[in-house]
Amino acid sequence: MIESVQGAGWFVAGTGDRRPLVERRTDLLRGEGVKVGDRFPTEKKLCERFGASRTAVRSAIEQMEGQGLIGKGAGREREVLTLPAEREAQTA
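None of these values were measured; they are calculated from a predicted model.

A. Focus on the overall build of the protein chain. A tally of helices and strands in the protein chain yields four helices and four strands. Counting from the amino terminus, the protein chain carries its helices and strands in the arrangement β-β-α-α-α-β-β-α. For the protein chain, with 92 residues in total, the buried portion stands at 32%. When contacts within the protein chain are restricted to residue pairs at least 6 apart in sequence, those whose partners lie at least 24 apart make up 38%.

And the structure:
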């Protein structure tokens, strides 16, 4: 069976990570040694890495921009503005 997960894509039932793409990317920002100011991957690279549609990736990017995690950097590139753990500490 195939099942759909909003924001994440289509999956074979019983396999894979079904959290929305924005949550999975946030987890990776926490654990990959990413630093504030680092370049954020392109839509194409995120599509390839997560096996997600460009629509799902764009939605995740918009959510992350809305959360203040990433933003426009030099040129058309995006960069990491803050890390999830830092934001949680600021609101605590």
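B. Spatial organisation of the pattern of salt bridges. Applying the stated criterion across every chain yields a total of four salt bridges. Between R54 and E43 there is a salt bridge, and its shortest N-O distance comes to 3.2 Å. Within this pair, whereas R54 is found in helix α3 (residues 54-66), its partner E43 is found in helix α2 (residues 43-50), the two being separated by 11 residues in sequence. Accessibility expressed as a relative area gives 16% for E43, which makes it buried. A salt bridge links R58 to E43, with the shortest nitrogen-to-oxygen separation between them at 3.0 Å. Of this pair, R58 sits in helix α3 while E43 sits in helix α2, and the two are 15 residues apart along the sequence. Beyond isolated ion pairs, a larger network of salt bridges with shared partners links E43, R54 and R58.

C. Structural detail: the side chain of R78. With respect to the helices, strands and loops of the structure, R78 is situated in strand β4 (residues 78-80). Residue classification places R78 among the buried positions, given a relative accessible area of 18%. Side-chain polar atoms of R78 contact the side chain of E65, separated by 2.8 Å. With residues up to four places along the chain from it excluded, the contact list for R78 reads D38, R39, F40, E43, I61, E65, I70, G71, K72 and G73.

D. Highlighting the nonpolar core. Counting residues in hydrophobic clusters, the biggest one holds 18 residues, and the most contacted among them are F40, V57 and M64. Elements represented by at least two residues in this core include exactly α1 (21-31), α2 and α3. The element contributing the most residues to this core is α3, with five residues. With residues near it in sequence (within four places) discarded, M64 still touches V22, R25, T26, L29, F40, L69 and I70.

Definitions and cut-offs
- Residues numbered from 1 in each chain as written.
- Predicted model: local features only at pLDDT ≥ 70, side-chain atom pairs only at ≥ 80, totals over all residues.
- Heavy atoms only, no water.
- Helix = DSSP H or I, 4+ residues; strand = E, 2+ residues; numbered from the N terminus.
- Buried < 20%, exposed > 50% of the residue type's maximum accessible area, 1.4 Å probe, protein only.
- Contact = heavy atoms within 4.5 Å.
- Salt bridge = Lys/Arg side-chain N within 4 Å of Asp/Glu carboxyl O.
- Polar contact = N/O pair within 3.5 Å; in protein donor to acceptor, adjacent residues only side chain to side chain.
- Core = buried A, V, L, I, M, F, W, Y, C linked by side-chain atoms within 4.5 Å.

Purely geometric numbers; function is a separate question.
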